[in-house]
Amino acid sequence: MGPERQAGERHLEKSGSKVRVPEGATLHDLRHFYASVLIKNGATPKQVQKRLGHAKPSITLNVYTHLWEAEEDRTASMMEVALS
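Residues numbered from 1 in each chain as written. Predicted model: local features only at pLDDT ≥ 70, side-chain atom pairs only at ≥ 80, totals over all residues. Heavy atoms only, no water.

(A) Highlighting the packing of helix α2 (residues 27-40) against helix α3 (residues 45-52). Two numbers describe how α2 lies on α3: the axes approach to 10 Å, and their chain directions differ by 155°. Classified by the angle between their axes, α2 and α3 sit roughly antiparallel to one another. Here α2 and α3 pass one another in a crossing that is right-handed. Residues Arg31, Tyr34, Ala35, Leu38 and Ile39 of α2 form the contact with α3, whose participating residues are Val48, Arg51 and Leu52. (Axes fitted to C-alpha atoms, helices over the stretch in contact; angles between N-to-C directions. Helix = DSSP H or I, 4+ residues; strand = E, 2+ residues; numbered from the N terminus. Parallel < 35°, antiparallel > 145°, perpendicular 65-115°, else oblique. Left-handed = near helix turned anticlockwise from the far one by under 90°. Contact = heavy atoms within 4.5 Å.)

(B) Here's a closer look at the layout of surface pockets. The computed volume of the largest pocket comes to approximately 270 Å³. Considering the residues around the largest pocket, the lining is formed by Leu12, Val19, Arg20, Val21, Pro22, Ala25, Asp29, Leu30, Arg31, Phe33 and Tyr34. Ranked by residue count, the leading element in the lining of the largest pocket is α2, at five residues. Along the lines of polarity and charge, the residues of the lining of the largest pocket split into eight nonpolar, no polar and three charged. Taken together, Gly2, Glu4, Arg5, Gly8, His11, Leu12, Val21, Ala25, Thr26, Leu27 and Leu30 make up the full set of residues lining the second largest pocket. Contributions of two or more residues to the lining of the second largest pocket are made by α1 (3-15) and α2. A per-element tally of the lining of the second largest pocket places α1 first, with five residues. (1 Å grid on protein atoms, 1.4 Å probe; cavity = no way out; pocket = protein on both sides within 12 Å on 5 of 7 lines; lining within 4 Å. Points joined across faces, edges and corners; volume = space filled by probe spheres on them. Nonpolar A, V, L, I, M, F, W, Y, C, P; charged D, E, K, R; others polar.)

(C) Representation of the nonpolar core within the structure. With seven residues, the main nonpolar core is built from Ala35, Ile39, Ala43, Val48, Leu52, Tyr64 and Trp68. Taken together, the elements giving at least two residues each to this core come down to α2, α3 and α4 (57-69). Excluding residues within four positions of it along the chain, Ala43 makes contact with Leu38, Val48 and Trp68. (Core = buried A, V, L, I, M, F, W, Y, C linked by side-chain atoms within 4.5 Å. Buried < 20%, exposed > 50% of the residue type's maximum accessible area, 1.4 Å probe, protein only.)

(D) Seen up close, the side chain of Gln49. When you line up the elements, Gln49 lands in helix α3. A polar side-chain atom of Gln49 sits 3.0 Å from the main-chain carbonyl oxygen of His54. Those residues in contact with Gln49 that sit more than four places away from it in its chain are His54, Ala55, Lys56, Pro57 and Thr60. (Polar contact = N/O pair within 3.5 Å; in protein donor to acceptor, adjacent residues only side chain to side chain.)

(E) Local environment of the pattern of salt bridges. Scanning the model with the defined rule gives one salt bridge in all. Notably, a salt bridge pairs Glu9 with Arg20, separated by 3.5 Å at the nearest N-O pair. Linking Glu9 in helix α1 with Arg20 in the loop between α1 and α2, this pair joins segments that are 11 residues apart in sequence. By relative accessible area, which is 38% here, Arg20 ends up partly exposed. (Salt bridge = Lys/Arg side-chain N within 4 Å of Asp/Glu carboxyl O.)

Put into structure tokens, the structure is as follows:
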């Protein structure tokens, strides 16, 4: 187990979390997971950009656009609500 994974495990255990870092996971994997969770739960590109420390939202979009595209297109229902 690498030092980063060990540190992550210690932090999780100390916090009382039952979550554990998967064997072989890298910091890059954990960062991608973090971004994916934010996006899946409705975070905007600007919010994810700030949390990941990207200089511009375009960097975030270049990397994670596929996750926003996987979301259901709700634009039609948004307009129905606005116009009703």
